[in-house]
Amino acid sequence: MEQAFFLLFALVATGSGTMVVVARNPIHSALALMICFVQVAAIFLLLRSPILAVIQMFVYVGAVIILFLFVIMMLDVRKEVQTRFLKQGKRVAIVIILFLSAEMLALLLGSDLLSARSTVFISEEMSSVRGLSIALFTDYLFPFEIASVILLAALVGAIILTRRSKEEG
Amino acid sequence: MVPLSWYLILGAVLFIIGVSGVLLRRNVLIVLLSLELMLNSVNINLVAFSHFHGDFRGQIIAIFVIAITAAEVAIALGVLVALVRNKATLEVDELTILKG
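These notes cover the structure that comes with them.

With respect to the interface of chain A and chain B
A common way to state how big an interface is: give the accessible area lost once the parts meet. With 86 residues of chain A at the contact, the number on the chain B side is 70 residues. Across the chain A to chain B interface the summed buried area is about 7,300 Å²; carbon plus sulfur atoms make up 79%. Here chain A and chain B share zero salt bridges between them. Broken down by secondary-structure element, the contributors of at least two residues to the side of chain A that touches chain B are α1 (2-22), α2 (26-46), α3 (50-74), α4 (90-110), α5 (112-117), α6 (129-138) and α7 (141-162) of chain A. Split into classes, the residues belonging to the side of chain A that touches chain B amount to 59 nonpolar, 14 polar and 13 charged.

Here it is in structure tokens:
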């Protein structure tokens, strides 16, 4: 049953991920990416980490994609519809992609370490938010604070980058 | 119960789709969207290892990745809006302002 659900989510995720790359209209790409992120959130639920699924929905689907949609609406993208792919350097890129995919899949399918690992226990408290938050706010408190400072810097930076100078009005 | 290698293969496939979007597409917005897809596929790997090893650290790193991604998207879209204001194009091979 769980495997059927995983296959469904994985199928929709890869399909919509392909749509992101192939779609002509950037709006369609952004919406396909939204579908893909929802599937990834469902896969996080299958992995018994509900808090990450919630964060995924809030941050990616609720904030990042909406930001992208606003920017696409602000910019004029009608001209981009005609040419989807790069004109030059396409061959090198395809060679790199094929090499990378062959390497990764050979590594994953050929390794016996992973098949040995696949029968590992699942402890009950792994799915609780309690253990995660205790680990996050004791051992990882300093990285957490640094992340908050980075977010503040990004906020200020984004405002300064998009602000017009006074002469322009 | 789903074996670990399925999750890793799904992560690898999504990562490859993201790489092909970054390397092949011409529109800089799609390049940024594909970058998000790559980061998310790495998160699948992190959470899968966290689940199968019974260790919270993978989930914690995934949370940090998500936070940094949110910051990155805000900065990247800000740069993009400022760029389009100066030079009205969205095509990657025409954005050569930094070239000497």
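Considering the side chain of Ser 20 of chain B
Relative to the elements of secondary structure, Ser 20 of chain B occurs in helix α1 (residues 4-24). Once you skip the residues sitting within four places of it in the chain, Ser 20 of chain B turns out to touch Val 21 and Ile 97 of chain A together with Arg 25 of chain B.

Some details on unusual backbone geometry
All names here are of chain A. The phi dihedral of Arg 48 falls on the positive side, at around 60°, and the residue is not glycine. If you trace the backbone, Arg 48 turns up in the loop between α2 and α3. Exposure remark for Arg 48: the relative accessible area of 33% places this residue in the partly exposed category.

A word on the packing of α3 of chain A against helix α3 (residues 57-86) of chain B
Relative to each other, α3 of chain A and α3 of chain B sit at 5°, their axes nearing to 11 Å. Classified by the angle between their axes, α3 of chain A and α3 of chain B sit roughly parallel to one another. Residues Ile 51, Leu 52, Ile 55, Gln 56, Val 59, Tyr 60, Val 64, Leu 67, Phe 68, Val 71 and Met 74 of chain A of α3 of chain A lie in contact with α3 of chain B, whose contacting residues are Gln 59, Ala 62, Ile 63, Ile 66, Thr 69, Ala 70, Val 73, Ala 74, Leu 77, Leu 80 and Val 81 of chain B. Classifying every residue of the contact of α3 of chain A with α3 of chain B by side-chain character gives 19 nonpolar, three polar and no charged.

With respect to the packing of aromatic side chains
Applying the stated criterion across every chain yields a total of six aromatic pairs over all chains. Relative to Tyr 7 of chain B, the ring of Phe 6 of chain A lies with its centre 4.8 Å away and its plane at 75°, an arrangement referred to as edge-to-face. On the criterion of chain membership, the pair formed by Phe 6 of chain A in helix α1 and Tyr 7 of chain B in helix α1 is interchain, its members lying in two chains. One exposure class covers both Phe 6 of chain A and Tyr 7 of chain B, and it is buried. Among the aromatic side chains, those forming a connected cluster through ring pairs are Phe 6 of chain A together with Trp 6, Tyr 7 and Phe 52 of chain B.

Cut-offs used in this document
Residues numbered from 1 in each chain as written. Chains lettered and ligands numbered in written order. Predicted model: local features only at pLDDT ≥ 70, side-chain atom pairs only at ≥ 80, totals over all residues. Heavy atoms only, no water. Contact = heavy atoms within 4.5 Å. Buried area = accessible area lost by both parts, 1.4 Å probe. Salt bridge = Lys/Arg side-chain N within 4 Å of Asp/Glu carboxyl O. Helix = DSSP H or I, 4+ residues; strand = E, 2+ residues; numbered from the N terminus. Nonpolar A, V, L, I, M, F, W, Y, C, P; charged D, E, K, R; others polar. Buried < 20%, exposed > 50% of the residue type's maximum accessible area, 1.4 Å probe, protein only. Axes fitted to C-alpha atoms, helices over the stretch in contact; angles between N-to-C directions. Parallel < 35°, antiparallel > 145°, perpendicular 65-115°, else oblique. Phe/Tyr/Trp six-rings, centres within 6.5 Å; stacked < 30°, edge-to-face > 60°.

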